[in-house]
There are 2 protein chains.
Amino acid sequence: MAASSARAGARARAAAADVRMQGFAERSSLEEAYAWIDAASSAVGPEAVEPGRAVGRVLAASPAIADGEGVRAAEDGYAVRAQDTVGAAPYNPLVLALQDARGGAAPLAPNAAALVVAGSALPPGADAVLAFAAAQAQGGAVEVLAPVAVGAGVERRGEALGTAAKLSPGRPLRPHDVALLAALGVARAEVVRRPRIRLLVAGPKPWAAGPVGDACGPMIAALLARDGAAAEPCAASEGRRGLASALSGAGGCDAVLVIGRSGVGPDDEAPLALADAGELALHGVALRPGGSTGLGRAGRAPVVLLPGDPLACFFGYELLAGRLVRRLGGRDPALPHPTREVELTRKIASMVGFADVCSVRLADAGAEPAGAGEEGGLAAAAAGDGFVVVPAPLEGYPAGARVLVHLFSRG
Amino acid sequence: MAASSARAGARARAAAADVRMQGFAERSSLEEAYAWIDAASSAVGPEAVEPGRAVGRVLAASPAIADGEGVRAAEDGYAVRAQDTVGAAPYNPLVLALQDARGGAAPLAPNAAALVVAGSALPPGADAVLAFAAAQAQGGAVEVLAPVAVGAGVERRGEALGTAAKLSPGRPLRPHDVALLAALGVARAEVVRRPRIRLLVAGPKPWAAGPVGDACGPMIAALLARDGAAAEPCAASEGRRGLASALSGAGGCDAVLVIGRSGVGPDDEAPLALADAGELALHGVALRPGGSTGLGRAGRAPVVLLPGDPLACFFGYELLAGRLVRRLGGRDPALPHPTREVELTRKIASMVGFADVCSVRLADAGAEPAGAGEEGGLAAAAAGDGFVVVPAPLEGYPAGARVLVHLFSRG
């Protein structure tokens, strides 16, 4: 504990130091960065939305559903008592009287059948729905050509209620979950409000080919949308003073992401601006790419400084900022990508002491580094199907190792 | 060939027949329905969008990128000739003259170093970037504390160009693909236009608990968004005549989905309305749930009739309509869900002759049917993590079988 707080103190001093043209004297581990993020963030408040707007949203409270049992037809056909159909066959049709059951209130008489459509209530006494294919209408009667089992073609509201009751806070609502809520008559669902994320683009590097925001902004906005947040892009902020002022004015949002100027170059003033406007808690993470990511606060809003290099920005978001955003949105903070465990067909080399993110290509035989020997940087990621995170203590993975591939988000 | 066209003729007659209160005399196989969909649909035309609007879109043509080689710094540091750093060590620092390289035009002199930031051009002659951590600035000189390899800290535009050239038509652009295009200076990308899908909700069933559109509409709109299409919801159309009129007026869109009234109940008039307005090509598929799905055309627009029961509507979209929508959008027509191959811990029972879709729950030990014995219908799907498709010839899968689970879309 004492060692850990001494280390935290050393890190705070390191964060306060000017790393420009020096490099990082000390870096936080990925786990230390996660601990800071987790302490700095929790789910924002709820809002009530109608089911039609709830797809993809996270439940903040279990849905309020009117209680009450009920039985409805799951398919079109005739509501019957199953026992009245026992022994029926094409060569031995049983005849049931056709009863008008519109409204569903009148009980079904013995040896009677009532026309129902999928979704309608069953008349009391009926316990199954006979499909038209197994019946033959004959004037005011119905010939039953096959027996039907109790419960066939029937849906119990209680079953749907039971499942809906298990839709508990924290669950992201899928398209068919929302249909279930609507079918149960839920008018509004309490969901976690969409976190509002301010996107600040630090001014373009004077020597670089183009403005960093052009390449990173749309990418980060798409990743924010994937993680259920609303991006609030701002105009580029020029210099340390302009950026500090923009950070100070970020009161109304739930978090701020700054793109660019987070590194160790002479013009990398984002960390200084954050220290001016609030607190730079942690700068420099033992992560490659994305190692110049910084964390801190401006007012009550947590702030993530993302590198301006597109690849480093990408993995800085995926490995760090995304966790903060998902926590604010009440979502599972873990990496959201579908995963696949596969065998490496070529080794991955990595630097000890750094969590190394390696883009990989998938083939039938397994996975191989996407960049090795031919492509680097963003090109390797664009050529890849997903990424592997090599933990800091390892030098990499040999060919033949089984690794967990996180598949890149599709859109 | 003769047998298959005789069968197609029989299906056309079956599609023309009124199935209300009779059931389907004949059903198309899933494969026959796919063949109709594939013949009726191809990718809609292209449009040019800026990279910031291209995430999630499908490339219609390889991006046009200005040619030209170039070398840029991948990190902040000093541009050097790698050979000038051989032998450097903390106890044996090598001294290089610090050269001003702003603009990147002046060649790097031998035994010199030039300050660069990530993204800037390297001065001619430089072949590596020395990180600040391995250097020590001393007035007008730089002490090199460690050797650096040729190509370290350097990114070649040619590599990015090579990858970008492999971004071929049909590829959905991921967030970092778009960043690569922007970084290469692409101003506009040719992408497939978003298919415009008219959503018609057939009037509520008079006996049912609520309007079917309320439960199905938002679900289908969310699935259309997942598949890259733009939903154009319309007001409910009342009766056979109202629906036929709405179908006849669907000229401007790329396809129409009709929700509800597709079944064999007395009020299921959607198939008749489609026959009135254009062509009902196929009605009744050997699929459960979703078997009352119909396919046809109104004018030039392909039309899918989806069942009004939410679960049947869901799987009718996932197994049939979604394929049409993805083909119109130039996407892979196959099921878009992430998959996982797992062992069944309980058997799945299914009806021979039908492609049976079974919702399953995943646990560490494997997968089990989500509905078995306790929940049915939509409740089972909401309780599940994904679904398994049992092919028509099988009676199901025994416990212990390895099955492919399609994971439900998250939002």
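Each remark here, short or long, concerns the structure printed above.
Residues numbered from 1 in each chain as written. Chains lettered and ligands numbered in written order. Predicted model: local features only at pLDDT ≥ 70, side-chain atom pairs only at ≥ 80, totals over all residues. Heavy atoms only, no water.

It is worth spelling out the overall build of chain A at this point. A tally of helices and strands in chain A yields nine helices and 24 strands. For 411 residues, the compact-globule estimate of 2.2 N^0.38 gives 22 Å, and chain A exceeds it by more than 25% at 30 Å. With the C-alpha coordinates of chain A rotated into their principal frame, the extents come out at 95 × 50 × 45 Å. Per-residue burial over chain A gives 53% buried out of 411 residues. Excluding contacts between residues fewer than 6 apart, the proportion of contacts in chain A whose partners are at least 24 apart in sequence is 71%. Accessible area for chain A stands at about 16,100 Å²; split by element, carbon and sulfur atoms hold 54% of it. Each charge class in chain A was averaged separately, 38 positive and 41 negative side chains, and the resulting centres sit 5 Å apart. (Helix = DSSP H or I, 4+ residues; strand = E, 2+ residues; numbered from the N terminus. Rg over C-alpha atoms; globule rule 2.2 N^0.38 Å. Buried < 20%, exposed > 50% of the residue type's maximum accessible area, 1.4 Å probe, protein only. Contact = heavy atoms within 4.5 Å. Areas by Shrake-Rupley, 256 points an atom, 1.4 Å probe, with all protein chains shown as cover. Lys, Arg positive; Asp, Glu negative; His and termini not counted. Charge placed at Lys NZ, Arg CZ, Asp CG, Glu CD.)

All names here are of chain A. With mixed pairing, the six strands of this open sheet are ordered in space as S6-S3-S5-S4-S8-S7. Each edge of the sheet is formed by a strand with only one pairing partner; in this case those strands are strand S6 (128–130) and strand S7 (135–138). Going from strand to strand, the sheet's axes swing by 40 degrees on average, the running direction of each strand aside. Note: strand S3 (residues 77–80) against S6, three bridges, orientation antiparallel. Its bridge partner lying in S6, Val80 is registered against Ala128. (Pairing = 2+ DSSP bridges. Axes fitted to C-alpha atoms, helices over the stretch in contact; angles between N-to-C directions.)

Scanning all chains against the criterion turns up 40 salt bridges over all chains. A salt bridge links Asp309(B) to Arg72(A); the nearest nitrogen and oxygen atoms lie 3.0 Å apart. Of this pair, Asp309(B) sits in the loop between strand S17 (301–306) and helix H8 (310–328) while Arg72(A) sits in strand S2 (residues 71–73), which puts the two residues in different chains. In this structure, a network of salt bridges that share partners links the residues Arg226(A), Asp227(A), Glu318(A) and Arg326(A). (Salt bridge = Lys/Arg side-chain N within 4 Å of Asp/Glu carboxyl O.)

Glancing now at the pairing of strand S16 (residues 294–298) of chain B. All names here are of chain B. Most of S16 is tucked away, with four of its five residues classed as buried. Where strand S14 (residues 279–283) meets S16, four bridges bridge the pair, whose relative direction is antiparallel. Paired with Leu282 across the strands is Leu295, a residue of S16. As paired strands, S16 and S17 are joined by five bridges and run antiparallel to one another. Among the inter-strand pairings, Ala298 is bridged to a residue of S17, identified as Ala301.

Residues and elements named next belong to chain B. The tally for this structure, following the rule as stated, stands at zero disulfides over all chains. Unpaired in terms of disulfides, Cys253 finds its nearest cysteine sulfur in Cys234, a separation of 8.0 Å. Cys358 carries a free sulfur, and the closest cysteine sulfur to it, the one in Cys313, is 19 Å from it. Residue classification places Cys358 among the buried positions, given a relative accessible area of 16%. (Disulfide = S-S within 2.5 Å.)

Here we take up the packing of aromatic side chains. All names here are of chain A. Taken as a whole and assessed by the stated rule, the structure comprises 12 aromatic pairs over all chains. Ring geometry for Phe314 versus Phe315: centroids 4.9 Å apart, planes at 45 degrees, classification tilted. On the basis of relative accessibility, which here comes to 1%, the residue Phe314 falls in the buried class. Note on Phe315 and Phe408: the rings are 6.5 Å apart at their centroids and 35 degrees apart in plane angle, and the pair reads as tilted. You can see Phe315 sitting in helix H8 (residues 310–328) and its partner Phe408 sitting in the segment after strand S24 (402–407), a full 93 residues away along the chain. Of the two residues, Phe315 and Phe408, neither departs from the other in class, the shared state being buried. Feature note: the residues Phe314, Phe315, Phe387 and Phe408 constitute an aromatic cluster, connected by ring pairs. Sitting above the plane of the Tyr34 ring, Arg323 keeps its charged end 4.4 Å from the centroid. (Phe/Tyr/Trp six-rings, centres within 6.5 Å; stacked < 30°, edge-to-face > 60°. Lys NZ or Arg CZ within 6 Å of the ring centre and 35° of its normal.)

The next thing to look at is the packing of helix H2 (residues 30–40) of chain A against H8(A). Residue and element names in this part refer to chain A. At a closest axis distance of 10 Å, the pairing of H2 and H8 adopts a crossing angle of 25 degrees. One way to sum up the angle between H2 and H8 is to call them roughly parallel. Classified by chirality, the crossing of H8 by H2 is right-handed. Contacts between H2 and H8 pair Leu30, Ala33, Tyr34, Ile37 and Asp38 from the former with Leu319, Leu320, Arg323, Leu324 and Arg327 from the latter. (Parallel < 35°, antiparallel > 145°, perpendicular 65-115°, else oblique. Left-handed = near helix turned anticlockwise from the far one by under 90°.)

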